Number of protein chains: 2
Amino acid sequence: MKISELAERTGLSAHTIRYYERIGLMPPAPRNGATHRQYDERALNWIEFLGRLKTTGMPIRQMLRYAELRAAGPSSNAERKALLSEHRDAVRQHVEELIACLEVLGAKIASYDD
Amino acid sequence: MKISELAERTGLSAHTIRYYERIGLMPPAPRNGATHRQYDERALNWIEFLGRLKTTGMPIRQMLRYAELRAAGPSSNAERKALLSEHRDAVRQHVEELIACLEVLGAKIASYDD
DNA sequence: CTACAACTTCGAGCGCACTCTAAGTCAATA
DNA sequence: TATTGACTTAGAGTGCGCTCGAAGTTGTAG
């Protein structure tokens, strides 16, 4: 598929997809006749996974590290797993924090009923 | 207390506290002899509450709106409550999203054990 | 009274993550 | 073949939330 279709299917803009490639988040896309980028389902899956990382607050720096490991092949599996595990711990902690804030928020909201 | 103590107790920098005042997030602090800012516990509580809003992802714009309503007095209670309720809904939704991402993350992590 | 750390204002600078513009090239359709 | 719309690059611009620096003033300890 072309970049416009990938953009539509991921919800990103074509600009952003090129930006991701530029900074190394996406592998250089193969070209249709040395010019236009051609994408497959793998690219779609990758962007969707990046989206999860982003939603969960991972900074681009760290995604970049993960992308590098991915590009390095299966020998980096252990490190990739470690990276994701650490991130998961951070996300879990953040969720706990949010839930605690929801308590406070709920109390505040209830206090307006006095 | 002076700004340095408030900074220490809130974890913000004095720079940031002045910035908050500048943009209207904090009410103008009373001065000790027309110069140095003097804070009380209420200021501390307010900053801590702002911290909850920030942790839960509220943009400064919206905090500003809330701060304005607060400054307007009790007549704004209904609107304040509505604002916080909406925010709470958004936070709850975000937590759901994070939990869904944790599932995906967990699956990915497990997949490295093959 | 002097020294000096902590305060003051104003405005510039920064890091992040895009987002957009300009100017040009290419591919598919009529 | 001509048009037209989507693609290309490089680089500048944006919005957010601080963060810092410079230059000057003030309050307190010795």
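Basis of the calculations
- Residues numbered from 1 in each chain as written.
- Chains lettered and ligands numbered in written order.
- Predicted model: local features only at pLDDT ≥ 70, side-chain atom pairs only at ≥ 80, totals over all residues.
- Heavy atoms only, no water.
- Near = heavy atom within 4 Å.
- Polar contact = N/O pair within 3.5 Å; in protein donor to acceptor, adjacent residues only side chain to side chain.
- Helix = DSSP H or I, 4+ residues; strand = E, 2+ residues; numbered from the N terminus.
- Nonpolar A, V, L, I, M, F, W, Y, C, P; charged D, E, K, R; others polar.
- Salt bridge = Lys/Arg side-chain N within 4 Å of Asp/Glu carboxyl O.
- Buried < 20%, exposed > 50% of the residue type's maximum accessible area, 1.4 Å probe, protein only.
- Contact = heavy atoms within 4.5 Å.
- Buried area = accessible area lost by both parts, 1.4 Å probe.
- Least-squares fit on C-alpha atoms with pLDDT ≥ 70 in both.
- Axes fitted to C-alpha atoms, helices over the stretch in contact; angles between N-to-C directions.
- Parallel < 35°, antiparallel > 145°, perpendicular 65-115°, else oblique.
- Left-handed = near helix turned anticlockwise from the far one by under 90°.

Asks: I tried to follow the protein's contact with DNA strand D on my own but got confused; where do I start?
Replies: Taken together, 20 residues form the shell around DNA strand D, and within it A:S4, A:R37, B:Y20, B:T35 and B:K54 come nearest. The sugar-phosphate portion of DNA strand D accounts for 74% of its atoms within 4 Å of the protein, the bases making up the rest. Measuring from a phosphate oxygen of DNA strand D, one finds a side-chain N or O atom of A:S4 at 2.4 Å. Only α1 (3-10) and β2 (36-37) of chain A together with α2 (14-23) and α4 (60-71) of chain B provide two or more residues apiece to the surface near DNA strand D. Among the elements that take part in the surface near DNA strand D, α2(B) stands out by supplying five residues, more than any other.

Asks: Can you help me understand the protein's contact with DNA strand C in this one?
Replies: Taken together, 19 residues lie around DNA strand C, and A:H15, A:Y20, A:K54, B:S4 and B:R37 are the ones closest in. Near the protein, within 4 Å, the atoms of DNA strand C are sugar or phosphate in 73% of cases. Taking B:S4, its side chain carries an N or O atom lying 2.5 Å from a phosphate oxygen of DNA strand C. Within the contact set of DNA strand C, a phosphate oxygen lies 3.1 Å away from a side-chain nitrogen or oxygen of B:R18. Among the secondary structure elements, those contributing two or more residues to the surface near DNA strand C are α2 (14-23) and α4 (60-71) of chain A together with α1 (3-10) and β2 (36-37) of chain B. At five residues, α2(A) tops the list of elements feeding residues into the surface near DNA strand C. Broken down by class, the residue content of the surface near DNA strand C amounts to five nonpolar, seven polar and seven charged.

Asks: What is the right way to look at the pattern of salt bridges in this model?
Replies: Note that side chains of opposite charge can pair when their charged atoms are close. All names here are of chain A. Scanning all chains against the criterion turns up 16 salt bridges over all chains. Here E5 makes a salt bridge to R9, at a shortest N to O gap of 3.5 Å. You can see E5 and its partner R9 sitting in helix α1, four residues apart, about one turn around the helix. Owing to a relative accessible area of 34%, E5 belongs among the partly exposed residues under this scheme. Overlapping salt bridges, with partners in common, bring together E5, R9 and E41 in one network.

Asks: For this particular structure, what's the right way to read the interface of chain B and chain A?
Replies: For an interface, size is often stated in terms of accessible area lost upon the parts coming together. Listed by partner, the interface residues are 28 residues for chain B and 28 residues for chain A. Surface buried jointly by chain B and chain A totals about 2800 Å² across both partners, of which 80% is contributed by carbon and sulfur atoms. Looking at the side of chain B facing chain A, the largest losses of area belong to B:L105, B:I109 and B:Y112, adding up to 23% of the total buried there. Summed over the shared surface of chain B and chain A, the result is two salt bridges. One salt bridge in this structure joins B:K81 and A:D113, with 2.6 Å as the shortest N-O distance. On the surface where chain B and chain A come into contact, there are four residue pairs in polar contact (both at pLDDT 80 or more). If you list the elements that add at least two residues to the side of chain B that touches chain A, you get α3 (41-55) and α5 (77-111) of chain B. In terms of residue count, α5(B) provides more of the side of chain B that touches chain A than any other element does, 20 residues in total. Per-class residue counts for the side of chain B that touches chain A are 13 nonpolar, seven polar and eight charged.

Asks: Just to check I follow, could you spell out the relation of the copies chain B and chain A for this structure?
Replies: Copy one and copy two of the chain differ by a rotation about a common axis and a shift along it. In screw terms, the move from chain B to chain A is a rotation of 180° and a rise of 0.0 Å along the axis, fitting with an RMSD of 0.0 Å. Those values place the two copies in the arrangement expected of a two-fold rotation axis. For chain B, the smallest separation between a C-alpha atom and the rotation axis is recorded for B:V95, amounting to 3.2 Å. Residue by residue, 100% of the interface of chain B is reproduced at the interface of chain A, so both copies engage with the same surface.

Asks: Just to check I follow, could you spell out the packing of helix α3 (residues 41-55) of chain A against α5(B) for this structure?
Replies: Packed helix pairs are specified by the crossing angle of their axes together with the interaxial distance, meaning the distance between the axes. At a closest axis distance of 9 Å, the pairing of α3(A) and α5(B) adopts a crossing angle of 130°. Considered as vectors, α3(A) and α5(B) are oriented oblique to each other. Note on packing geometry: the crossing formed by α3(A) with α5(B) is left-handed. Contact residues: A:F49, A:R52, A:L53 and A:T55 in α3(A); B:H94, B:E97, B:L98, B:C101, B:V104, B:L105 and B:K108 in α5(B). Here the contact of α3(A) with α5(B) is composed, by residue class, of six nonpolar, two polar and three charged.

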